[in-house]
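Observations on the model geometry
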Amino acid sequence: MKQQLTEGNVGSTLVKLTIPMIWGVFAIIAFNLVDTYFVGQLGTKPLAAMSFTFPVVMTLGCLSMGLGVGASSVISRAIGEGDRQRVKKFTTNSLTLAITAVLIFVIIGLLTIDPLFTALGASADILPLVRDYMQIWYIGMVFLVVPMVGNSAIRASGNTLTPSLIMIFAAAVNIALDPLLILGIGGFPRMELQGAALATVVSRGTTLIAALFVLHFKEKMLYLKLPTIKDTLWCWKDILYVGLPAAASNMINPISIGVITSLLATFGAEAVAAFGVASRIESFALIAVMALSASIAPFVGQNWGAKKYARVSKALQLSFLFCLFWGVMAAGVLAVTAPTLVAFFNPNPDIIAIASQYLWIVPISYAGGGIIYVSSSAFNALGKPIPTVVMTVARMFVLYIPLAYLGGKLYGVNGIFAAACISNFIVGIGAYLWNQKTCTGKAIDNAEVVRN
């Protein structure tokens, strides 16, 4: 719980934070890709069924991320201020908040599987496959949510290596279990989609134990005794002030993807399956940007808490330049390799053709998307979640969904993909300008105060 990020070269500090996160994010995306690969071997219908689960899984994952963002924001700023007791109270109560949220959503989720996925467009022959996956996933949700919040607390201290190692270990367990449980290799029962869900739950269970161990024994950020009701309520209030808007903005993305999935479903199961494959490949292509956006939060939080505003402004400038570089490079690589990458997951010619179109169109806007990720993370770390909500609503509800509906009518699936590209561009520009006004302006004002 030291102010590790408030001194030293800004660029090198960001690199030290981001590199471990790249491997951690890579590990998580790798096991998602492996899941997709093995489920793809079962046929188009199981792959389409898993694609239908993405919006719901991502929505609840984003709830976890939102709680983690709220916890990370208040914890990192408390560390920057040097308030050790406040740090321990926030960390302990962020975990109690996560457990409470899990109980609520597990009950709701199990009761709404059939009507929810029917509304998303799952046909009668695909719905049983979706049910097989989600029943296990919901029951194991505590192993998914609590460790995500715990790892966010660890990162808030400036330690990105340990959470990354935890994620890598969990991914390795998941990858090892996938062929055993999905395909029944090595004498294990062939569980197909149920096996994919069980492998995920078991692997994430290891992260729960590891995160709690590190928080208590290594970082010493937990209270052993139960917090009082008074402490719990004020901690929850501060965490949720950032966490609820962050969760809402995070949840808007998968909810919107659910709408997009239903639009694509009108073009057949192949279009939905192709979208699922392309989305997984896209996650891999954006790995460095996602790692940077996760790493910028503790840096911004600690330095803002320590009132070192110029360091925040410098970090964001460097981050935006990196997003531009990475976006251009990723778009170029995918333009050449898209059909080969898609064929690795599924040899269906229709799926290859549709997914390749996605990977030729949408990556043009990856630089804008990266700026949105970094800006959103920075605003949340500052304890200012509203700009993130505004940007997300504008991107998804004002631009993406209306343009996708219109584009689908006029140009088919390519029109839907072009809508994603356009919305990333427009909101990316707005995110850059808004962030500059907030952070650079604060740094200038602070410098004038110091001179005077």
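Residues numbered from 1 in each chain as written. Predicted model: local features only at pLDDT ≥ 70, side-chain atom pairs only at ≥ 80, totals over all residues. Heavy atoms only, no water.

1. Brief notes about the side chain of Thr-18
Relative to the helices and strands, Thr-18 is located in helix H1 (residues 10-40). Since its relative accessible area comes to 10%, Thr-18 is described here as buried. Beyond its immediate stretch of four places on either side in the chain, Thr-18 contacts Ala-288, Ala-291, Leu-292 and Ser-295. (Helix = DSSP H or I, 4+ residues; strand = E, 2+ residues; numbered from the N terminus. Buried < 20%, exposed > 50% of the residue type's maximum accessible area, 1.4 Å probe, protein only. Contact = heavy atoms within 4.5 Å.)

2. With respect to the pattern of salt bridges
Between side chains of opposite charge, pairing is possible as soon as their charged atoms come close. Per the stated rule, a full pass over the model turns up six salt bridges. The shortest N-O distance in the salt bridge between Asp-125 and Lys-45 comes to 2.9 Å. Of this pair, Asp-125 sits in the loop between helix H4 (113-119) and helix H5 (127-139) while Lys-45 sits in helix H2 (residues 44-81), and the two are 80 residues apart along the sequence. Asp-114 serves as the salt-bridge partner of Arg-131, at 3.0 Å between the closest nitrogen and oxygen. You can see Arg-131 sitting in helix H5 and its partner Asp-114 sitting in helix H4, a full 17 residues away along the chain. (Salt bridge = Lys/Arg side-chain N within 4 Å of Asp/Glu carboxyl O.)

3. Let's talk about the packing of helix H3 (residues 84-111) against helix H6 (residues 142-156)
Relative orientation of the contacting elements H3 and H6 amounts to 160°, with a least axis distance of 9 Å. Compared by their axis directions, H3 and H6 come out roughly antiparallel. Classified by chirality, the crossing of H6 by H3 is right-handed. Residue-level contacts link Thr-91, Ser-94, Leu-95, Ala-98, Ile-99 and Val-102 of H3 to Val-142, Val-145, Val-146, Val-149, Gly-150 and Ala-153 of H6. (Axes fitted to C-alpha atoms, helices over the stretch in contact; angles between N-to-C directions. Parallel < 35°, antiparallel > 145°, perpendicular 65-115°, else oblique. Left-handed = near helix turned anticlockwise from the far one by under 90°.)

4. What about the nonpolar core?
The nonpolar side chains of a soluble globular protein tend to be buried with one another. The biggest cluster of nonpolar side chains holds 136 residues, and the ones touching the most others in it are Ile-75, Phe-117, Met-134, Leu-264, Leu-359 and Phe-417. Top element by residues in this core is H2. It accounts for 14 residues. With near-sequence residues (within four places) excluded, Leu-264 lies in contact with Ala-271, Val-272, Phe-275, Val-413, Ile-416 and Phe-417. (Core = buried A, V, L, I, M, F, W, Y, C linked by side-chain atoms within 4.5 Å.)

5. Observations concerning the packing of aromatic side chains
Under the defined criterion, the tally for this structure stands at 14 aromatic pairs. Relative to Tyr-358, the ring of Phe-275 has its centre 5.9 Å away and its plane inclined at 70°; by these criteria the two rings are edge-to-face. Here Tyr-358 lies in helix H13 (residues 349-361) and Phe-275 lies in helix H10 (residues 269-285), a separation of 83 residues in the sequence. By the burial criterion, Phe-275 is buried, and Tyr-358 matches it. Seen in terms of ring centroids, Phe-320 and Tyr-432 are 5.4 Å apart; in terms of plane orientation they differ by 70°. Their pairing is edge-to-face. Pair noted here: Phe-320 is in helix H12 (residues 309-345) and Tyr-432 is in helix H16 (residues 413-451), with a separation of 112 residues, a long-range link. (Phe/Tyr/Trp six-rings, centres within 6.5 Å; stacked < 30°, edge-to-face > 60°.)

6. Topic: the confidence of the model for the protein
Scored by pLDDT, the protein comes out at a mean of 85, with 96% of its residues at no less than 70. Within the model, the stretch residues 448-452 combines pLDDT values under 50 with zero contacts to residues more than four positions away or in other chains. (pLDDT = per-residue confidence, 0-100.)

7. What to know about H10
In this model, H10 (17 residues) spans 24 Å end to end at C-alpha, consistent with the 24 Å of a helix rising 1.5 Å per residue. With 13 of its 17 residues buried, H10 lies for the most part within the structure. (Expected span 1.5 Å × (residues − 1).)

8. A word on a nonpolar patch on the surface
Together, Val-15, Ile-19, Trp-23, Phe-26, Leu-161, Leu-165, Ile-168 and Phe-284 give the surface a local cluster of nonpolar side chains, amounting to about 740 Å² of exposed area. When residues of the nonpolar patch are traced back to their parent elements, those giving at least two are H1 and helix H7 (161-182). If you tally residues by element for the nonpolar patch, the top one is H1, at four residues. Along the chain, Ile-19 turns up in helix H1. (Patch = residues over 30% accessible without salt bridge, like charges linked within 9 Å, V, L, I, M, F, W, Y side chains within 5 Å. Areas by Shrake-Rupley, 256 points an atom, 1.4 Å probe, with all protein chains shown as cover.)

9. Quick notes on the environment of Thr-53
Along the chain, Thr-53 falls in helix H2. Owing to a relative accessible area of 1%, Thr-53 belongs among the buried residues under this scheme. Remark: the alpha-carbon pair of Thr-53 and Lys-237, spanning 184 residues in sequence, is separated by 31 Å. The residues contacting Thr-53, other than those within four sequence positions of it, are Phe-117, Val-130, Tyr-133 and Met-134.

10. Description of the packing of helix H9 (residues 229-265) against H10
Interhelical geometry of H9 versus H10 gives an angle of 145° and a closest axis separation of 7 Å. Along its contact with H9, which presents Ile-257, Ile-260, Thr-261, Leu-264 and Ala-265, the element H10 presents Ala-271, Val-272 and Phe-275.

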